[in-house]
Amino acid sequence: MVDFGEILKTIGDFGVFQKVVLLALTLPNILLPIFFSSFIFIQSDPERHCNTDWILQADSNLTTDEQLNLTLPREEDGTFSRCQMFVPVDWDIGDIREYGLNETTGCHNGWVYGNSLYEATIVTDFDLVCERSKLAEVVQTVFMGGLLVGSFLFGPTAESYGRRRTTQLPIVIMLITAIVSGLSPNVYVYIVAQFLIAVALGGYRINSTVLATEWIGISRRSFASCMGQMFAAVGQCVMAGLVYVIRDWRKAQYVIAGGQALVVLYSWWIPESARWLLGQGRTEEANKLIHKVAAINKKKIPDNMLDEVTEKQEVQRGRIKDIFTSTVLMKYLFIISIAWFSLNLGYFCLILSVGKLRLDIFLVQFLFGITEAPAHLVCIWVLELIGRKRSLIMTLVAGSSVCLVALAFPQDSAVVITALFTIGKFFFNWGGSVCMVYIQELFPTSIRQTAVGIGSIGQRAAGLLCPWLNLLSVYHWSVPVAVFSSLNMISGVLALLLPETTRLELPDSTNNAEGNRKMPTSDSNMVDSRKSTRL
């Protein structure tokens, strides 16, 4: 039977069609990092004092200094309290001046903020300060939890409903929830909106990559993941520039929604995966798509090639239990999941601590993004040069080593530590691209999306835990770095147990995935046959 790899070679495995689809599916990744902006670009402890305008009823001509002196207690260092005020009284201004106020309370009427780096943030709009300050960290955790749920929800779903539908649905959800987020009247509506954004974001990331990958041939298969990651790196730079110019988190949400609306418009023309259609026994739909692709790529399909596929195609119904009943596939999934978890724990710990590096937050965020883009371009080349296995081990070990070196410098060496963390983040992000390519090549078409979804749970679980791991820096700033660096080192050792998959066809069945790791590709078969002919 003709496999799909042979069909791709015939109709063009990286022609005009593949390039357009790849661009359409990876370009929206520019927008994905910008969804993080509302809880990254904040001042967690802004200059502020309680709103004490109540005293103006007693004397509307009070100066600001007089108002603060009469209504706010002072801290031990002589500054006005940020979280306390004197209890309002129904006295005239003379009595307040003569007797003074002593009983204190919390800020019942909100806060007055000053000297802010931004026009508006979730901290200042929702008063996430003092006893409510932990809600800012809750937002981060909920968002990361949404990414995890999205990976789990949309991964297995794609096996039943297809790659196309489960790519389009998250796009629509992100558009709606971006608007809702910008209109949020309180922090609780905002948190729900951010959770749904994250669910959709997690689903789109894995489904769009798999959909693109299944249309691309062996030689350019790594493009889908690496290009998606590269555009996400560009998105980090765009995010830094956008927030620098706008300085208002609500306006930033509306800008995101505008960009997302454009993605929604063209997403309905993105085709389904013909490989998945064939696996589902929907050969007529697959054949129509294959003919369209051949026409776009200006290729001719030999007579009877698709007739043979139609007659002999075996339906592959994949289920989660297919992974857990195979010792080999379980081993692959465990190792890749641990590696993905470790890489993303390091990546997100560094991302979410960007404001603590004591340098300009916009500059650091821009540097984080601009240094990532080359990582993914290099990744495409290195994956083919040294293979998936060595690439994964190299990124795990190199990223953790660089971050551990940073611990040798005192905390006030902001420039050196930022430079080293930027390099470490470079390798962690690179390793994430390798994992995305690797996991798709280890598992068959029937359960590929399920495997990617489950593997992504490890990735997203890291995002869920990183805000809490960063909290351990109150004991010493090196604790989070030591934890995620050690995990990456351990993952590098475990990766030695994985097989190499470079230049092997994507497996279409569990038997292929378990047994074809040593099978040469058709290209290498051709080389061997030529050598034997010469001899």
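Values in this document were obtained by computation on a predicted structure and should not be read as measured data.

Attention now goes to unusual backbone geometry. Backbone geometry at Arg247 places phi at a positive 60°, although glycine is not the residue there. Among the structural elements, Arg247 can be located in the loop between helix H10 (223–246) and helix H11 (249–267). For Lys298, which is not a glycine, the phi torsion comes out positive at approximately 60°. With respect to the helices, strands and loops of the structure, Lys298 is situated in the loop between helix H13 (283–296) and helix H14 (305–312).

All right, on to the environment of Leu367 then. Tracing the sequence through the fold places Leu367 in helix H17 (residues 361–386). Counting along the chain gives 131 residues from Leu367 to Gln236, while the straight-line C-alpha distance between them is 8.9 Å.

With respect to the secondary-structure elements, Thr141 resides in helix H7 (residues 134–161). A relative accessible area of 13% places Thr141 in the buried class.

The end-to-end C-alpha distance of helix H18 (residues 388–406), which contains 19 residues, comes to 28 Å, matching closely the 27 Å that a straight helix rising 1.5 Å per residue would cover. Listed in full, the buried residues belonging to H18 are Arg388, Ser391, Leu392, Ile393, Thr395, Leu396, Ala398, Gly399, Ser400, Val402, Cys403 and Ala406.

Within the structure shown, the criterion is met by two disulfides. Residue Cys50 pairs covalently with Cys107 via a disulfide, S to S 1.7 Å. Between Cys50 and Cys107, the disulfide has an S-S torsion of -50° and is therefore left-handed. In this pair, Cys50 is assigned in strand S1 (residues 47–50) and Cys107 in the loop between strand S3 (104–106) and strand S4 (111–114), connecting sequence segments 57 residues apart. In this model, Cys83 is linked to Cys130 through a disulfide, with the two sulfur atoms separated by 1.9 Å. Looking along the S-S bond of the Cys83-Cys130 disulfide, the torsion reads about -90°, which is the left-handed sense. Here the residue Cys83 occupies a position in the loop between helix H4 (64–71) and strand S2 (84–86), and Cys130 occupies one in the loop between helix H6 (122–126) and H7, the gap between them amounting to 47 residues. In the protein, numbering the disulfide-bonded cysteines from first to last in sequence yields the connectivity 1-3, 2-4. There is no disulfide at Cys379, and the cysteine sulfur nearest it, in Cys226, is 3.4 Å away. As a non-bridged cysteine, Cys403 has Cys349 as the owner of its nearest cysteine sulfur, 9.9 Å distant.

A few words on the packing of H7 against helix H8 (residues 165–182). Pairs of packed helices are described in terms of their axes, by the angle between the two and the distance that separates them. With their axes 9 Å apart at the nearest point, H7 and H8 run at an angle of 130° to one another. Relative to H8, the element H7 is oriented oblique. Residues Phe154, Thr157, Ala158 and Tyr161 of H7 pack against Arg165, Thr166, Leu169, Pro170 and Ile173 of H8. The residue inventory of the contact of H7 with H8, partitioned by class, reads six nonpolar, two polar and one charged.

The rules behind these values
Residues numbered from 1 in each chain as written. Predicted model: local features only at pLDDT ≥ 70, side-chain atom pairs only at ≥ 80, totals over all residues. Heavy atoms only, no water. Helix = DSSP H or I, 4+ residues; strand = E, 2+ residues; numbered from the N terminus. Buried < 20%, exposed > 50% of the residue type's maximum accessible area, 1.4 Å probe, protein only. Expected span 1.5 Å × (residues − 1). Disulfide = S-S within 2.5 Å. Axes fitted to C-alpha atoms, helices over the stretch in contact; angles between N-to-C directions. Parallel < 35°, antiparallel > 145°, perpendicular 65-115°, else oblique. Contact = heavy atoms within 4.5 Å. Nonpolar A, V, L, I, M, F, W, Y, C, P; charged D, E, K, R; others polar.

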